[in-house]
Each structure stands twice: as C-alpha cells, then as structure tokens.
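# Coordinate inspection notes
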Amino acid sequence: MTNADAPRTPPDHPRVALLVTCLVDVMRPQIGFAAVQLLERAGCIVEVPEAQTCCGQPAYNSGDRADAQKIAKDVIEAFAGFDYVVAPSGSCAGMVRAHFPELFANDPVWGPKAAELSARTYELTQFLVDIMGCKNIVTADASVKTAIAIYHDSCSGLRELGIKAQPRTLLKAVPGLAVRDYSGSETCCGFGGTFCIKYPDVSDRIVTQRLADLARTPGNLLLGGDLGCLMNLAGKLSREGSPLRVFHVAEVLAGGTDGASIGEEG
Amino acid sequence: MHVTTDFPAAAKKALADPSLQAALARMRNGFVTARATAVARLPEFEDLRDRAQAIRDHVLQNLDAYLERFEANVIAAGGQVHWCRDAAEARQTVLNILRQTGAKTFAKGKSMVGEEIELNPYLEANGVRPIETDLGEYIIQLRHETPSHIIAPATHVSKEQVAEVFRAAHGHLDVGRPLETPDSLLAEAREILRKEFLSADAGMTGANFLIAETGTSVIVTNEGNGDLSQTVPKTHIVLAGIEKVVPTLDDVSVLLRVLARSATGQEISTYTTFSTGPKRATDMDGPQHYHVVLLDNGRSALLGGQFHDMLRCIRCGACLNHCPVYGAVGGHAYGSVYPGPMGSVLSPAFAGIEAAKHLPHASTLCGACEAACPVRIPLPKMLRAWRDISFERGLVTQRSKLGLALWSFAARNPALYRMGAAIAAKILQKPRAILRLVPGLSGWLATRDFPAAQGKTFMAQWKAKRG
C-alpha cells in the first residue's frame, strides 16, 4: 500500500513542512534537527509551521472524535500550502495519511481537505526514498564505528504506511554499518500510545518478550523510526542493563552514533 | 452472552500465573510460525484472501436470500431448520429437540456458538448430560472453565494439569497409570470418549460453513470427534450463527484454503466433513434426525452498520494468535468466550458496551490482527469505533477524560501548548524519583527506565536558531 495515489514528480527543491511530532518536540529534539538536515541534504526547503502542536492521535485513539476532528482541522490549516509534509514518525504520519480522511469521511468541506493533506504527507524515510529518490543521504558526519544495527519496524509505519525497505535502503549507505532484522522486528513493542499508561503491566510484558527476541540476535545498535516505540524499548533495555544502544534512524543517518543514545545520560 | 470484564484485574492475574505464561509462550511461537510457513508456500494466498473477503461480503449483502435457500435445501434433504432470535431461544430449541427424541446424553463436537449461548449448564439443569468430545473442550469441561481460545480451547492448560484433572475425573482407572506424555493423555481420552460416542442419544456439531445450494453443514476438525458426534447418535443437531452461510461448494473450497492456513498453518485440517440431512435409505449409517439451529443473537443488528464487516469472520483465531495483548494475558482475561481482537469487537456487540467497556481498549492497535485476518476485517478500526461509542456514553474514567480534555485544549492553543511542552521538557529530564510524581508515569517506571528528555523543546530551539 505504498503511496496508492501515485505521487507527483517532486520539484527540484520542494517546500517541505516538518511535522515535528509532540514526542520529538519534548523528548528528543535532536531527531527533529536530524530530519531537517536529511531533508535539506535531499534538496528540500524545510519550514517548521509555528501553529503545529500534535496530530490528535491520542484523542482519536481514545474515542474522543470531536476533539480529534478539531485538532485535525488545525493541522490541516497549519500545513496548508506546502508541497509536502514530513514527520520523523510512522505513527504521526500514519495518523494524517491513513486516519484524517477517515475522520472526515462524510464531511463535504473537510473531507477533500483531509484527503489533499493525506496525499502529500509522508514519514521521513518513506519521503526520502520514495519521493526524493535518495539512496545515499549519508555525509562524512555520520560517524559509526563498525556496528551491527537491529531494526525494529514500528507498527503504524509498517502496517499503515508500508514502510519496510526505505529505512534499510538508507542505512545500507552508512559505512561500517550492517543492518539486521530480529524475530520481533514486525511485532508490537507494547508501547501503543496511551496503552502503556493505561496497562503498564501488559505493556511491560510485551516489551519483555521483544527483549527476549532481541537477545537471540547479535547486534550493538537498535534502530527504528518512531520515538515512542524506541523510548519503550530503550527504557526496558536500560533497566535490564543491556548494552544495546538505541537511536532513531534519522539520528544515525544525519550524524552517526557518537552522541548519547536514547536513554543514555547525555 | 455473558461478559464479565474487569480486564485490568484479570490481566494482572494472568500476568502473574507462571503456568499460563508458559502455555502462552508455546502458543505464540507455534501458531504464528506455522501460519507464516503455510502462507509462504502458497503464492496465491493474498489473492485467495481477496476472494474469501468477496465471498463473505457478497453473502452479507444477500444474507436473507441465502439463508432461505439454505433452509429450503435442508428441508429438501429431510432435515429441519430452527430460527432462534437469541441465546435463550436457541437453548430451549436444542432442549426441545432432545426431549422429543428422549435423549439423556448428548455428544458435542466443538462449537463456539454452544459456548456463546452457554448451552451446557442449561442442559445439565434440565436433565441432559452434555459430553464435550473435542479434547480441548473435554479438558475444560472437566475443569469447569470456558475456552481461552476459539480454536484451541484448552491452550492455557499444561499437560500436567490435564493429567491432574483426568486422574480426578476418571477415578475408575488404575491410580498408578502413567500420564506424563501427551500420547498417554490422548489415549485415555479416546478410551473414555469412544464409549460416550457409542452410547450418546444425540450428537451436536457447530458449523464452519453452511452451504446454501445444497443445505449442507461443514465442519473442519483435527480429531475426528465431530464426525463421530454427528454420525453415530440417532439425532444430529447443527448449531450455527446465521452469518455462517455461503452460496456454493466452490465458495467453501476457497474459504477452506484460507481457513486452516490462517488458523493452524495446516494446508487443510485433518477432517473436513460435509453433512446433508439425515441418513438416506441407501446410506449405510447416519443419524435419523437432522436439525439445524440457526442463531441470530445480535448478528442481524450488525448488518449495514459500522460493525457489518465483523460478520465476515470465519473464526480462524489468527487475530488472537497475532495479538500481542492476547499473547501476554491469554483468553480468560477478556471475560468472554470470544477473546482477542475479534472478541473485543463482538463482545460489546453481543453483551453491550457497558458490560464489555474495557475490551476495545485492551489493544495496542498495532494492526497485526488485521494483517493476519484471512477476510481482511479492519479490526483496529472497529476497536476504535467501540472506543468512540464508549467515550460518547461516558464509559471512560473521569481521570482519563479530564486528562484528554486538558491535553486537547492545549493542543488547540499553540502558545499554551508551547509553554506546556517547555515545562514538560524540563521535568522529563529529571531523575526517576521526581518522574514518579508525574501523573501516569509510575506504572512505566515500575519496570522500565524513562529515557530523559533533552531539556529544551525542538520548537524553542528552532525559533532561536532559524526563527
């Protein structure tokens, strides 16, 4: 289901709005800056609409459709006029791309607007590979000591947006880095947004299972494209004393792995 | 249908049960790997899923017509059809048939509809002894439990627990007999059940499919118990939901190709049995009476509504097998005979959202269920639809409602949101002792570290750099 509606050929220097995402904004802005760097390297003119807050997914997944719709309308307006909207998250991009049209399915005014935004919204690696045609976005800055990276596909990215090959394609170009799957690559980590707050013990059991899966695959990095999942995995790994270092794929592509990983003291 | 969900408490209990957790670990690996292997060996599997979905969609668009055709063909074959609006009518109908034939013992093949209408306790209270003949159902009948999985009802039980309950139930056998291996347990169950088949006054099966063009009921089993339940006793009662009908034998063959692969990873189940009416004059054997009890129980109310697509379900169990939440807590935590994602959609429909309010939330919405569903039911979408209804009816806690309202208000006011985000970015850099005071974080912190925030929001830094 990768880009069912055939994407337009992008202009050489498309105007791209970054959907920062609430988690990246508050927890790890470094991922946002990495995304900006990668997009600029790919030739995009990046802007960060000031009116953005959150995509509304917490309300949408909690059954609060009225608030989800109100927030979605704000998002539609905040991101109007750009060639593309790009988020360093499959979950938030999936919300806009897969669920905004559903939110306004019977709305003659907002339905078409939601569909229009949906069609030009992408997750970062998906955008770089599928739209900008990037294969190698790495510069000399990306310093990675020889490492084996295990990739965890986030559920929304994988199943709502069909993202699987794109991050691996980009990571292949990082010198010294080998990318591997593990048996839990496509299985939920237990984060689930509000799920991990509502059912922390069930969420913990699921992430414990992923750690058991990870233990069977040798590697020194764990990478993914969604900060929520990565915080969950990193938080569990660090509590268990695992040496596995966790990064967002954009961080590795933009600047390597010299800095503090997710959950490491910075 | 009865739903008793205190999912949060039941999940806690399930997580703390080592025997259940060991059983779930076996199940998780087994079913998922088996399905993946079977699917990889069939290049046309995705096309078959499309065809299976189309068949089921077509049936649901024309359900009345196919049900009437099915009924006419059952009657033409010498059988009878009984239409039941709800569980009480279905129980009463089964009991009436048994009474008419003077049946006191009743050999039952596996039937989820039987579980749905809670048939066994009703029959027992009315002087009929039901004997579950599917090994898993037999085990849970002895343990006085409900199934924890729709195709593997005793998946939560260890072989040691089976030995224990067999020793207690089969008191006439030598106490010193070895019962350590699955083979020895199976042999004992066969021995006991064989006598029951031969002496049962009536037999029952569920139906995986009902075929309109022939009036046939179809069951898939791996033990052969269904065949004995339906051919040996004098009376055969088929108990099925109205949505089980499909137009033709050709349609069934498409559905069979996705059913076993999705369920157990088998190419086809060991037995696939078609039964049409009672014994004919030229048949060597078979039942003298053939009855089909068709149950609505809330199904027709789903037609044409937002849960319409749920009626495509062919009860393969793939969504349970692939659900991370089911895999962590097992079926009983859901408090319904239909657990996992399909159950969390059906239980509120059959028992009311008030009784089943926790279930639509017992999901990470990871989408693995929809990805595995042979008839592509959009299960996450339907779980969200129940969450919408639940929210509208005020069935969520005041605390989560308030939290959501505050957050939504902030999300709609960027300046306020910026301030909140800046404060959050500061607080979330703090050590665990302080983080514990943040509402909602204590559960996470009990077993996981909370990766520290970097201290300043992206938006603030961006403004300083480029704004």
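Procedures and definitions
- Residues numbered from 1 in each chain as written.
- Chains lettered and ligands numbered in written order.
- Predicted model: local features only at pLDDT ≥ 70, side-chain atom pairs only at ≥ 80, totals over all residues.
- Heavy atoms only, no water.
- Helix = DSSP H or I, 4+ residues; strand = E, 2+ residues; numbered from the N terminus.
- Rg over C-alpha atoms; globule rule 2.2 N^0.38 Å.
- Buried < 20%, exposed > 50% of the residue type's maximum accessible area, 1.4 Å probe, protein only.
- Contact = heavy atoms within 4.5 Å.
- Areas by Shrake-Rupley, 256 points an atom, 1.4 Å probe, with all protein chains shown as cover.
- Lys, Arg positive; Asp, Glu negative; His and termini not counted.
- Charge placed at Lys NZ, Arg CZ, Asp CG, Glu CD.
- Salt bridge = Lys/Arg side-chain N within 4 Å of Asp/Glu carboxyl O.
- Axes fitted to C-alpha atoms, helices over the stretch in contact; angles between N-to-C directions.
- Parallel < 35°, antiparallel > 145°, perpendicular 65-115°, else oblique.
- Left-handed = near helix turned anticlockwise from the far one by under 90°.
- Expected span 1.5 Å × (residues − 1).
- Arc of directions from axis to C-beta.
- Pairing = 2+ DSSP bridges.
- Buried area = accessible area lost by both parts, 1.4 Å probe.
- Polar contact = N/O pair within 3.5 Å; in protein donor to acceptor, adjacent residues only side chain to side chain.
- Nonpolar A, V, L, I, M, F, W, Y, C, P; charged D, E, K, R; others polar.

## Some thoughts on the overall build of chain A
Within chain A, the regular secondary structure consists of 13 helices and eight strands. On C-alpha atoms alone, chain A measures out to a radius of gyration of 18 Å, which is about the 18 Å that the 2.2 N^0.38 rule sets for 266 residues. Structurally, chain A occupies a C-alpha span of about 50 × 45 × 30 Å along its principal axes. For chain A, buried positions account for 61% of its 266 residues. Put simply, 78% of the contacts in chain A that link residues at least 6 apart link residues at least 24 apart. For chain A, the exposed area adds up to about 9200 Å²; of that, 54% sits on carbon and sulfur atoms. Side chains of chain A carry 24 positive and 30 negative charges; the gap between the two charge centres is 5 Å.

## Side note on the pattern of salt bridges
Note on pairing: side chains with opposite charge can pair once their charged atoms come close. Taken as a whole and assessed by the stated rule, the structure comprises 40 salt bridges over all chains. Between B:Arg41 and B:Glu267 there is a salt bridge whose closest N-O contact spans 2.8 Å. Placement of the pair is B:Arg41 in the loop between helix 2 (18–40) and helix 3 (45–61) and B:Glu267 in the loop between helix 12 (249–263) and strand 9 (271–275), with a sequence separation of 226 residues. Linking B:Arg299 and B:Glu243 is a salt bridge whose minimum nitrogen-to-oxygen distance equals 2.8 Å. With B:Arg299 in the loop between strand 10 (289–295) and helix 13 (318–322) and B:Glu243 in the loop between strand 7 (235–241) and strand 8 (245–246), this residue pair connects regions lying 56 residues apart in the sequence. Overlapping salt bridges, with partners in common, bring together A:Asp153, A:Lys164, A:Arg168, A:Asp181 and A:Glu186 in one network.

## A short note on the packing of helix 3 of chain B against helix 12 of chain B
When two helices pack together, their arrangement is given by the angle between the helix axes and by the axis-to-axis distance. Residue and element names in this part refer to chain B. Axis separation between helix 3 and helix 12 bottoms out at 9 Å; the angle between their running directions is 125 degrees. With respect to their mutual orientation, helix 3 and helix 12 come out oblique. Relative to helix 12, the crossing made by helix 3 is left-handed. Each of Phe45, Leu48, Arg49, Arg51, Ala52, Ile55 and Arg56 in helix 3 lies in contact with helix 12, whose residues at this interface are Asp251, Val254, Leu255, Arg257, Val258, Arg261 and Ser262.

## Structural notes on helix 19 (residues 414–427) of chain B
Over its 14 residues, helix 19 of chain B extends 20 Å from the first C-alpha to the last, a length consistent with the 20 Å expected when each residue adds 1.5 Å. Residues of helix 19 of chain B that are buried include every one of B:Tyr417, B:Arg418, B:Ala421 and B:Ala425, and no others. Projected down its long axis, helix 19 of chain B shows its buried positions confined to an angular sector of 105 degrees, all on one face. In helix 19 of chain B, the exposed positions that point more than 90 degrees away from the buried face belong to B:Ala415 and B:Met419. Lining the buried residues of helix 19 of chain B we find helix 1 (22–26) of chain A together with helix 18 (398–411) and helix 22 (458–465) of chain B.

## As for the sheet that holds strand 8 of chain B
Sheet strands pair by backbone hydrogen bonding; their relative direction is either parallel or antiparallel. Residues and elements named next belong to chain B. Taking strand neighbours across the sheet as the criterion, the four strands line up as 8-5-6-9 in an open arrangement whose pairing is mixed. The sheet is open, and its two edges are formed by strand 8 and strand 9, each paired on a single side. Where strand 6 (residues 216–221) meets strand 9, five bridges bridge the pair, whose relative direction is antiparallel. Among the inter-strand pairings, Ile219 is bridged to a residue of strand 9, identified as Thr273.

## Quick look at the pairing of strand 6 of chain B
Residues and elements named next belong to chain B. Within strand 6, five of the six residues are buried, which leaves it mostly tucked inside the rest of the structure. Across three bridges, the pairing between strand 5 (residues 209–211) and strand 6 is antiparallel. Within strand 6, the residue paired with Leu210 across the bridge is Ser217.

## Re the interface of chain B and chain A
The partner chain A presents 66 residues to the 63 residues of chain B that form the contact. Summed over the three residues of chain B that lose the most area to chain A, namely B:Arg448, B:Gln454 and B:Phe458, the buried surface amounts to 14% of that side. Counting across the chain B and chain A interface gives seven salt bridges. Run the count over chain B and chain A and you get 29 residue pairs in polar contact (both at pLDDT 80 or more). When its residues are assigned to classes, the side of chain B that touches chain A shows 34 nonpolar, 14 polar and 15 charged.

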